[in-house]
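Listed below are the residues making up each chain.
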Amino acid sequence: MASISTKHTQDEFDICIIGSGAGGGPVAYELSKAGFQVAVLEKGGWYDEQDFKKDEMLSRRKIFRSKIQNEPHILESPKTDGTWSSNTTGQFWGGNIVGGASNFMSGYFHRLKPEDFRLLSEFGPIQKANIADWPIGYEDLEPYYTKVEQEIGISGKVVPHPNLEPRSTADFPFPPTAEHPIATRFDKAAKALGLHPFPMARAILSRPNDGRAACEYSGYCGSYGCHSGAKGSSRAALLDKCVNTGRCKIFTHAKAYKINTDNKGNAISVDYYDNGPNSHQAPSRIKAKIIVVACYSMESSRLLLSSPGQKHADGIGNRYQQIGKNLHCCAGGTGHGIFDLSKLNSSDAAALKIRGPFFNRALQDWYFIDDKEKFGGRIKGGTIDFVFDPPSPTSAANKLKRDQDGKLVWGSAFKHRLKSHFTQSRDFKFEVFCDWLPTDECHVSLDSSKQDQWGSPVAKIKVGYHPHDLKVAKYIVDKGVAVMKQMGAHSYYGNAFTSPTANLMAGGLRFGKHAHSSALDADCRVHGTDNLFVTDGSFMPNGGSVTPTWTIYANAFRIADKIKMQLGSPHKS
Amino acid sequence: MLASITACKPVILQRATAIQQNPGTSANIPENLVLSTAQRTLIDAVQMQLFPKDGNGPDAQDLNALAYLEGALQDPANIEDGDPAFIVKGCSWLNDMAQRSFASDFTSLTVIQQDRVLNSIASTRAGENWISLLMYYLTEALMLDPVYGGNIEQKGWRWLEHQPGFPRPTTGKTYLDFT
Ligand SMILES: Cc1cc2nc3c(=O)[nH]c(=O)nc-3n(C[C@H](O)[C@H](O)[C@H](O)COP(=O)(O)OP(=O)(O)OC[C@H]3O[C@@H](n4cnc5c(N)ncnc54)[C@H](O)[C@@H]3O)c2cc1C
Ligand code: SF4
């Protein structure tokens, strides 16, 4: 893009953060609170509680998300015959407004375990997997996990179980959210099987806090924006307050496309398109002392790869070809227990029909698996979350128009299927999470043929999985199915998957001690720079066997402290 | 949480192919299509076959399914998918089939004859796609918020004991206001 037409922002910023989601919010919050001048570039608009209606059409039409027509990704997946398929997709856009995907998450929150930080030394190498120990330990992150409980607002209850991670506080600052009657049935079943059920923590306020209302149990949570402010999105929990400091400016509709570096290799400015209503996509430039990238895994890698400079011929920090490598998803699977309400007594049936409160249960009895017969020794396992799928009644009704053989059913037969599905059965779900081992077959690069609406190469995402992941996932899925059976479900099944979990991607810019095997240093600074940081989930060498966002938030708070130290006191900066 | 797939129109590719195979279809139809009276009568009859008055909950007319469909066919995203053109095209297939089988227009047939004609066209790929697309819009008329014109008086929700979320979309805050 011709630099002559580039518009320069006049303001001087200490720090410029690209992306306003879970990775960007904590840095903006901490730095603006500490007195620094903060700019946040967010390619989406600002929407809030007034806009978030429980309207299935919002997700059917991908409102609040980038569109495949304007900003596609290329997805390369393994086929059963050993070749790779290549498709254009929009599935990786989980939320592209102020607050990012954290507006739409369910907020099922888990910490990692100390062993996740040293997977290689704890469990040894696995052939063709690029497993690495983290350059920090659990104890370095623990204070920040605790901080997230308070600042984002995590509700829960500590129930001791064999794999409970160490905590510096006795319990959560907010009591658990209201529970659905299924939780009691679940606890009974799990205990009968000798398991250790525990309530899942949620990034949802169970009582009002700091200007945010408590959860109102709308029954429509994950995938839907929150109308009460209870959900711990980066926007509701952090960015609203940043703006109130008067020191944080959020540039909406600002799409960063290049980070400029100087002859020492340090970041000096960010080029972005100003897509505001009257700006006609004007190329613009913003300068800051520190630049932070938090665009959501593959997009953060893409931005670094798209930013070559004098000292960074192949993209920033890419001297050893580490940028975009070791991307990971969550391996695992899903399962269902379906209750036929006509077979239950009326009070049990009525209880299962309730919509509003949460299931909120998890099992970590197989976080480590010691099954010599199956695996030859102790291995890393995973977590089972027991959840409700967000309701999408129109999609559910549409699916029922086809019978088991895929044949269309209409007329009274179709109406009968609808009536029985909606009124006579309840489907409870579990989700299994285990490590998606990093390999050479899972990474991000720039696509040479496809460009986004601004003419920049799009990200090509290759998502090969390691066969070990599938073995572990199947093992745990079977355990989940056994629990559903014990609960008295009338039909139950589960499946492991190998497809990418588009909303739960991490890695690509892993941190480590050595520049030749990682993209970032222990403080999440891009190797070869002094002042360019990455604070989304890209830093993670492995995802742990849980959803990642608590760890993303915690690490972003940790890096905010490092950046504050580097900048010194605000008035000197 | 694993993001679930928000299932949408299942047959877009085949439908596009069918249109390509019948050149002149999409090109001849204005983008802001309004169905002709004959087409409206025909689709109304088909919808009543797909979602009949049978004593089990509302029928297509109770849900205002035809008016809902006409509204949905003005939605730019649905126009871009080629839906208006495809739906109009299907009306002629259906009438051709009715003429061939019973020497009469679809709307003049008995309920049993109409069902036979629908079954005949469902045995072709394009015909099957056409019925499937009409059912897709019927399920929208059944389960979407009444603000979109279907599900009158929440008849669909009440029949299926569906509890909507809150706050519900309102005029001025529908998905069309965010596109
Ligand atoms: C439906 C759903 C359910 C989920 N449920 C859970 C859950 O239960 N538990 C859990 O732990 N996690 C969950 N997640 C995942 C969670 O939302 C993400 O882990 C988290 O939001 C990631 O934070 P991030 O900062 O990396 O990305 P995001 O929060 O997505 O933020 C990135 C932001 O950067 C912006 N951006 C990107 N590129 C640019 C650019 N070039 N210029 C300017 N701005 C840019 C984007 O528009 C976006 O707003 C869920 C996600 C979804 C979508
Ligand atoms: S269920 Fe609670 S947290 Fe979820 S969207 Fe509704 S009010 Fe917000």
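For the structure, see preceding data.
Computed from a predicted structure; not experimentally measured.

Quick notes on the rules
- The residue numbers shown here count from 1 along each chain, following its written sequence.
- Starting at A for chains and at 1 for ligands, labels are handed out in the order in which the entities are written.
- Local features in this predicted model are restricted to residues whose pLDDT is 70 or higher, and side-chain atom pairs enter the listing and the counts only when it is 80 or higher, whereas totals over whole chains, interfaces and linings include all residues.
- Only hydrogens and water are removed before side-chain values are computed, so all heavy atoms of the structure are retained for them.
- Secondary structure follows DSSP: runs of H or I at least 4 residues long count as helices, runs of E at least 2 residues long count as strands, and numbering of each begins at the N terminus.
- Throughout, exposure labels follow a simple rule: accessible area from a 1.4 Å probe, protein chains only, divided by the maximum for the residue type, with under 20% read as buried, over 50% as exposed, and the rest as partly exposed.
- Only heavy atoms enter the contact rule, under which two residues are in contact if any of them lie within 4.5 Å.
- In short, Shrake-Rupley with a 1.4 Å probe defines the accessible areas, and a residue's cover is counted only from the protein chains shown.
- Every case where a carboxyl oxygen of Asp or Glu lies within 4 Å of a side-chain nitrogen of Lys or Arg is listed as a salt bridge.
- When DSSP finds two or more bridges between two strands, those strands count as paired.
- In this description, a line fitted to the C-alpha atoms serves as the axis of each element, helices being fitted only across the stretch in contact, and the angle between N-to-C directions of two axes falls anywhere from 0 to 180 degrees.
- Near, as used in this document, describes a residue that has one of its heavy atoms within 4 Å of the molecule or strand being considered.
- Gly is put with the polar residues, along with every residue not named as nonpolar or charged; the nonpolar set is Ala, Val, Leu, Ile, Met, Phe, Trp, Tyr, Cys and Pro, and the charged set is Asp, Glu, Lys and Arg.
- Defined here as a combined quantity, buried area equals the accessible surface (1.4 Å probe) lost by two parts on assembly, summed across both.
- We define a polar contact as two N or O atoms separated by no more than 3.5 Å, with the added condition that, inside protein, one atom must be a possible hydrogen donor and the other a possible acceptor, whereas residues neighbouring each other in sequence contribute only through side-chain atom pairs.
- Every helix has an expected span of 1.5 Å times one less than the residues it contains.
- In plain words, nonpolar cores are sets of buried Ala, Val, Leu, Ile, Met, Phe, Trp, Tyr and Cys residues tied together by side-chain atoms within 4.5 Å.

1. A word on the overall build of chain B
Check the secondary structure of chain B and you find 9 helices and 0 strands. In sequence order, chain B lays out its α and β elements as α-α-α-α-α-α-α-α-α. Within the span of chain B, comprising 179 residues, buried residues form 51% of the whole. If you take every contact in chain B between residues at least 6 apart in sequence, the share linking residues at least 24 apart comes to 62%. Total accessible area on chain B stands at roughly 7,900 Å², and carbon and sulfur atoms take up 52% of it.

2. Some points on the pattern of salt bridges
Under the defined criterion, the tally for this structure stands at 41 salt bridges over all chains. A salt bridge links Asp 51 of chain A to Lys 173 of chain B; its shortest N-O distance comes to 2.6 Å. Of the two residues, Asp 51 of chain A is situated in the loop between strand S3 (38-41) and helix H2 (56-60) and Lys 173 of chain B in the segment after helix H9 (155-159); the pairing between them involves two chains. Its relative accessible area of 9% is what places Asp 51 of chain A among the buried residues. Here Arg 378 of chain A ties to Glu 122 of chain A by a salt bridge, and the two come within 3.4 Å at their closest N and O atoms. Placement of Arg 378 of chain A in strand S17 (residues 378-380) and of Glu 122 of chain A in helix H3 (residues 119-123) is noted, with a sequence separation of 256 residues between them. Residue classification places Arg 378 of chain A among the partly exposed residues on the basis of a relative accessible area of 38%. Salt bridges linked by common partners bring Glu 30, Lys 33, Lys 147, Asp 561 and Lys 564 of chain A together as one network.

3. Points about the sheet that holds strand S14 (residues 330-340) of chain A
All names here are of chain A. If you trace the 6 strands from one edge of the open sheet to the other, you get S7-S15-S18-S19-S14-S22, paired in antiparallel fashion. Of all the strands in the sheet, just strand S7 (198-199) and strand S22 (491-497) have a single pairing partner and so form its edges. Relative to strand S18 (residues 382-387), strand S15 (residues 361-363) is paired through 3 bridges, and the arrangement is antiparallel. Bridge pairing in S18 links Ala 362 to Asp 385. The strands touched by helix H11 (residues 412-424) are S14 and strand S19 (425-435); relative to S19, the strand with the most contacts, the crossing angle is about 70°.

4. A short note on the site of ligand 2
In the neighbourhood of ligand 2, the contacting residues comprise Lys 54, Ile 204, Cys 215, Glu 216, Ser 218, Tyr 220, Cys 221, Cys 226, His 227, Ser 228, Lys 231 and Phe 358 of chain A. Looking at the shell around ligand 2 residue by residue, the classes come out as 6 nonpolar, 3 polar and 3 charged.

5. With respect to the interface of chain B and chain A
Of the residues lining the interface, 54 residues belong to chain B; the matching set on chain A comes to 60 residues. When chain B packs against chain A, close to 4,800 Å² is buried across both sides, 60% of that on carbon and sulfur atoms. Contact with chain A buries area across many residues of chain B, yet Met 1, Leu 2 and Phe 178 of chain B alone supply 18% of it, more than any other trio. Counting across the chain B and chain A interface gives 6 salt bridges. Taken together, the links from chain B to chain A amount to 20 residue pairs in polar contact (both at pLDDT 80 or more). Put simply, the parts of the chain that give the side of chain B that touches chain A at least two residues each are helix H3 (37-50), helix H5 (76-80), helix H7 (111-122) and helix H8 (125-143) of chain B.

6. Here's the deal with H3 of chain B
Along its 14 residues, H3 of chain B runs 20 Å from first to last C-alpha, staying within 8% of the 20 Å computed at 1.5 Å per residue. For H3 of chain B, the complete set of buried residues consists of Gln 39, Leu 42, Ile 43, Ala 45, Val 46, Gln 47, Met 48, Gln 49 and Leu 50 of chain B. Those residues of H3 of chain B hidden inside the fold are in contact with H11 of chain A together with helix H4 (65-72), helix H6 (83-102), H7 and H8 of chain B.

7. Brief notes about the nonpolar core
Soluble globular proteins tend to bury their nonpolar side chains together. Core analysis: the biggest nonpolar cluster contains 87 residues, and Leu 41, Leu 304 and Ile 563 of chain A have the highest contact counts within it. Take this core: its biggest share by element is 10 residues, from helix H13 (residues 549-567) of chain A. Sequence-distant contacts of Leu 41 of chain A, that is, excluding residues within four places in its chain, are made with Cys 16, Ile 17, Ile 18, Gly 19, Phe 251, Ala 254, Ala 256, Val 270, Tyr 272 and Ile 286 of chain A. Counting residues in each nonpolar core, the second largest holds 64 residues, with Val 409 of chain A together with Ile 121, Leu 134 and Trp 157 of chain B among its members.

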